[in-house]
Number of protein chains: 2
Amino acid sequence: MATRIGSYTLRLDKAPSIAGFASVASKKESEGPMAAYIDLLCEDSTFGETSWEKAESRMQKDAVNKALEKGGLSTTQIQYLFAGDLLNQCISSTYGLRDLGVPFLGLYGACSTMAESLSLAALFVEGGFAQRCLAVTSSHFCSAERQFRFPLEYGGQRTPTSQWTVTGSGACVVGEQSGPPFVRAVTVGTIEDMGIKDINNMGAAMAPAAAMTLKHFFEDTNTNPSNYDLILTGDLGLVGSRMLTQLMEESGYSISQAHQDCGLMIYDRESQDVHAGGSGCGCSAVVLCSRILQELQQGQLRDVLFIATGALMSTTSVQQGESIPSIAHLLHLSHLPGPDMGAGQ
Amino acid sequence: MATRIGSYTLRLDKAPSIAGFASVASKKESEGPMAAYIDLLCEDSTFGETSWEKAESRMQKDAVNKALEKGGLSTTQIQYLFAGDLLNQCISSTYGLRDLGVPFLGLYGACSTMAESLSLAALFVEGGFAQRCLAVTSSHFCSAERQFRFPLEYGGQRTPTSQWTVTGSGACVVGEQSGPPFVRAVTVGTIEDMGIKDINNMGAAMAPAAAMTLKHFFEDTNTNPSNYDLILTGDLGLVGSRMLTQLMEESGYSISQAHQDCGLMIYDRESQDVHAGGSGCGCSAVVLCSRILQELQQGQLRDVLFIATGALMSTTSVQQGESIPSIAHLLHLSHLPGPDMGAGQ
């Protein structure tokens, strides 16, 4: 049974396990620092398909199949599938996963989807609704560029605060408690909107949501940043990460020792020309489902707060002059299922 | 605790209550057969806002506030909010609900969203994750037409199988068991795709998903259509409803006595020129959150299967020659919290 702690956090007393996980990515990611940890790297970003959208669907399917394979599982052992992505009407997920025959719950959380899907998968296992659930998401640079920005052929110039959408997918099977890593707690985010309207500065739009969710979690659990090896945000990039550190400082929490951002880990900003870093649902999904979960499994990492962030605008809302609301969902992932750790959780 | 029955169904042993519900709609709906049951009817489909998209956001906000008011509740008593809609990146929900400060889980289930959100809200209460959750969705004829079809100004001709997107929103508060109506069971749908490619015949694309979910439910619970007063589909319309009846007949279930479709209830097809009927997330949301829940509350209806259906394509997938995958989620809603009813559930 999950126990509510404070106003926003659920402690998962049964501590479900991540029983299988896998990541898929493409050429640019294969040249970055995560390459050695990624399961499937395809140089050709079409993945053999006839459109970027179909390529993205293909990545989700491959990530799911690889996660099942690594967990020694088949689709018949999965009761629910939680998935979503950035494309209009979430077609990467629906087309990519339509053949699986697993009950499907579609999500839209923008780049927070890895945390949203993983939270719901873990809660369904915790609540006894399922023995095993799948969580999956993806993004693709080419499908995102043409949907949200410009056709690639246009060759638009990018601003220094812009981020590079990761071409990749990550999938996790969450099951009843077996080995590490374990899901220990979930904090669902509230929508925050500080009035940022610059579509090329998503990190700044999302930092307040990450700060709010982290603050809720620390207050609810009576813990602080020093209790965790790693506080891992999804895709704040350089600008958003600086803002988050500052916002947390203002709330009395110093996170700089433990904080890293998937958007700054997946590419080498010096050599890969990605401006403020990586972004997209695939960014946090690939980093989590490669290096982070491997290190949590093996014990090099002990306690990780994973906070994926999403910017909840559309091209229509931006054209109508609206600001960018954002959200961040948090999971406490651990090498141990319990007992209470650190200062009180 | 929920109990898994068969392969696809969860029986909610605590039978959470729908503790508040409300519906909002506009002019065309005010001229249809549901008008007397709808809480807020605004003749002006802009709802006083400056765009159709903002009008749709406004409807969600109004539906949520009215559902809370009718349940004698405030946002501080709600732990989670489940919402989604048809617009790209679900902006009706994110912009409409961003000020509430309630932890938010965004969904994309196309026109199945009322059933998806209500299922998750009920399961969160059943699992002890929350005392109360909100489920809400919407659609707007004008925002849907310009996103999925043509600008209204173009005056495109509609085919006989086409359906009319409902301008409306429905919201439910699900809480721990109090009075009727009660949520007794949930069957999450699988994605079905029979190869239909006609974007103007959504009913046909969605009927196989509704048939599959209904079949799963009847098999899992060992019940049959005669155990229910009403089998209510979301927006199959005339064509899809005929297909569903036929598909169920082929599986050995005769549903014609109990079956009705929200798309055929919300408008008067004779006088309102809506071709094959109503559609959109708002279609099943408005019919459910007006007449159906009122009659379940008062006991005129005893046992209802609510199956909202969604077509999971986008304009991009259709332009790329893809068929239309679809999904249907089912809830058993009842005037009584138990005990076992009918032939075995």
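The structure displayed is predicted, hence computed values, not measured ones.

A. A look at the overall build of chain A. Of regular secondary structure, chain A possesses 11 helices and 15 strands. Each principal axis of the C-alpha atoms in chain A carries an extent, and together these give about 55 × 50 × 35 Å. By residue count, 65% of the 345 residues in chain A fall in the buried class. Taking all contacts inside chain A whose residues are at least 6 apart in sequence as the whole, residues at least 24 apart take part in 77%. On chain A, roughly 10,800 Å² of surface is accessible, and the fraction owed to carbon and sulfur atoms is 47%. Placing the 22 positive and 35 negative side-chain charges of chain A at their respective mean positions leaves the two points 3 Å apart.

B. Representation of the packing of aromatic side chains. Counted under the stated rule, the structure contains 19 aromatic pairs over all chains. Following the ring pairs from residue to residue traces out a cluster consisting of Tyr 80, Phe 82, Phe 124 and Phe 129 of chain A together with Tyr 80, Phe 82, Phe 124 and Phe 129 of chain B. When the ring centre of Phe 21 of chain A is taken as reference, the NZ or CZ atom of Lys 70 of chain A above it lies at 4.5 Å.

C. Region of interest: the pattern of salt bridges. Residues and elements named next belong to chain B. Going through the model one piece at a time under the given rule, you end up with 28 salt bridges over all chains. Measuring nitrogen to oxygen at the nearest pair gives 2.6 Å for the salt bridge that ties Arg 146 to Glu 53. Of this pair, Arg 146 sits in helix α5 (residues 141–148) while Glu 53 sits in helix α2 (residues 52–70), and the two are 93 residues apart along the sequence. For Arg 146, a relative accessible area of 41% gives the class partly exposed.

D. Fine view of the interface of chain A and chain B. The interface of chain A with chain B comprises 55 residues on the first partner and 55 residues on the second. Roughly 4,900 Å² is buried in total at the junction of chain A and chain B, and carbon and sulfur atoms are behind 61% of that figure. Contact with chain B buries surface across chain A, with Gln 89, Arg 98 and Phe 129 of chain A losing the most and accounting together for 16% of the total. Applying the counting rule to chain A against chain B returns 4 salt bridges. At the junction of chain A with chain B, the criterion picks out 30 residue pairs in polar contact (both at pLDDT 80 or more).

E. Seen up close, the relation of the copies chain A and chain B. For the pair chain A and chain B, the superposition axis carries a translation of 0.0 Å, the fit reaches an RMSD of 0.0 Å, and the rotation angle comes to 180°. Accordingly, the operation relating the two chain copies is best matched by a two-fold axis. Across chain A, the rotation axis passes nearest the C-alpha of Leu 107 of chain A, at a separation of 2.0 Å. Comparing interface residues between copies, 100% of those in chain A also lie at the interface in chain B; the contact surface is shared.

F. Expanded view of the pairing of strand β9 (residues 168–175) of chain A. Residue and element names in this part refer to chain A. Counting buried positions along β9 yields 8 of 8 residues, so the element is predominantly enclosed. Residues of β9 alternate between two faces, with Gly 168, Gly 170, Cys 172 and Val 174 on one and Ser 169, Ala 171, Val 173 and Gly 175 on the opposite face, all of them buried. With 8 bridges connecting them, strand β3 (residues 17–25) and β9 associate as antiparallel partners. When the bridges of β9 are listed, Ser 23 appears paired with Gly 170.

G. Region of interest: the confidence of the model for chain A. On average, residues of chain A carry a pLDDT of 96, and 98% of them reach 70 or more. Interface predicted TM-score (ipTM) for the complex: 0.97; the corresponding pTM is 0.98.

H. Seen up close, helix α7 (residues 237–250) of chain B. Residue and element names in this part refer to chain B. A rise of 1.5 Å per residue sets the reference length of α7, with its 14 residues, at 20 Å; its end C-alpha atoms lie 20 Å apart and thus fit the reference within 8%. For α7, the set of buried residues is Gly 237, Gly 240, Ser 241, Leu 244 and Met 248. An end-on view of α7 places all buried positions within 100° of arc, on one side of the element. Seen from the buried face of α7, the exposed residues on the opposite side, beyond 90 degrees, are Arg 242, Gln 246 and Glu 250. Elements that come into contact with the buried residues of α7 comprise α6 (202–221), β11 (230–233), β12 (259–261) and α8 (262–265).

I. Region of the structure containing the side chain of Asn 201 of chain B. For Asn 201 of chain B, the location among the structural elements is in the loop between β10 (182–187) and α6. With sequence-adjacent residues up to four places away left out, Asn 201 of chain B is seen in contact with Thr 161, Ile 196 and Val 239 of chain B.

J. Structural view of the environment of Tyr 253 of chain A. Residue position: Tyr 253 of chain A is located in the loop between α7 (237–250) and β12 (259–261). What Tyr 253 of chain A contacts, discounting residues up to four positions off in sequence, is Lys 215, Phe 218, Glu 219, Thr 223, Asn 224, Pro 225 and Met 248 of chain A.

K. Fine view of α5 of chain B. Residues and elements named next belong to chain B. Counted residue by residue, α5 has 7 buried out of 8 residues, so it is predominantly covered. Of the positions making up α5, those classed as buried are Phe 141, Cys 142, Ser 143, Ala 144, Glu 145, Gln 147 and Phe 148. Buried positions along α5 lie against α2, β7 (132–139), β8 (164–165) and α11 (315–319).

L. Geometry of the side chain of Gln 79 of chain A. Looking at the element boundaries, Gln 79 of chain A is found in the loop between α2 (52–70) and β5 (80–85). According to the relative accessible area criterion, Gln 79 of chain A is buried, its value standing at 12%. A polar atom in the side chain of Gln 79 of chain A sits 2.7 Å from the backbone nitrogen of Gln 131 of chain A. Beyond its immediate chain neighbours, meaning those up to four positions away, Gln 79 of chain A contacts Val 102, Pro 103, Ala 130, Gln 131 and Arg 132 of chain A together with Arg 4 of chain B.

M. Main features of unusual backbone geometry. Cis geometry marks the peptide bond from Pro 180 of chain A to Pro 181 of chain A; its omega dihedral reads 0°. Unlike most non-glycine residues, Phe 47 of chain B shows phi in positive territory, near 50°. Here Phe 47 of chain B shows up in the loop between β4 (40–41) and α2. Phe 47 of chain B sits in the buried class, given a relative accessible area of 8%. Look at Cys 90 of chain B: it is not a glycine, yet its phi comes out positive at around 50°. Along the chain, Cys 90 of chain B turns up in the loop between β5 (80–85) and α3 (91–97).

Reading guide: rules and limits
- Residues numbered from 1 in each chain as written.
- Chains lettered and ligands numbered in written order.
- Predicted model: local features only at pLDDT ≥ 70, side-chain atom pairs only at ≥ 80, totals over all residues.
- Heavy atoms only, no water.
- Helix = DSSP H or I, 4+ residues; strand = E, 2+ residues; numbered from the N terminus.
- Buried < 20%, exposed > 50% of the residue type's maximum accessible area, 1.4 Å probe, protein only.
- Contact = heavy atoms within 4.5 Å.
- Areas by Shrake-Rupley, 256 points an atom, 1.4 Å probe, with all protein chains shown as cover.
- Lys, Arg positive; Asp, Glu negative; His and termini not counted.
- Charge placed at Lys NZ, Arg CZ, Asp CG, Glu CD.
- Phe/Tyr/Trp six-rings, centres within 6.5 Å; stacked < 30°, edge-to-face > 60°.
- Lys NZ or Arg CZ within 6 Å of the ring centre and 35° of its normal.
- Salt bridge = Lys/Arg side-chain N within 4 Å of Asp/Glu carboxyl O.
- Buried area = accessible area lost by both parts, 1.4 Å probe.
- Polar contact = N/O pair within 3.5 Å; in protein donor to acceptor, adjacent residues only side chain to side chain.
- Least-squares fit on C-alpha atoms with pLDDT ≥ 70 in both.
- Pairing = 2+ DSSP bridges.
- pLDDT = per-residue confidence, 0-100.
- Expected span 1.5 Å × (residues − 1).
- Arc of directions from axis to C-beta.

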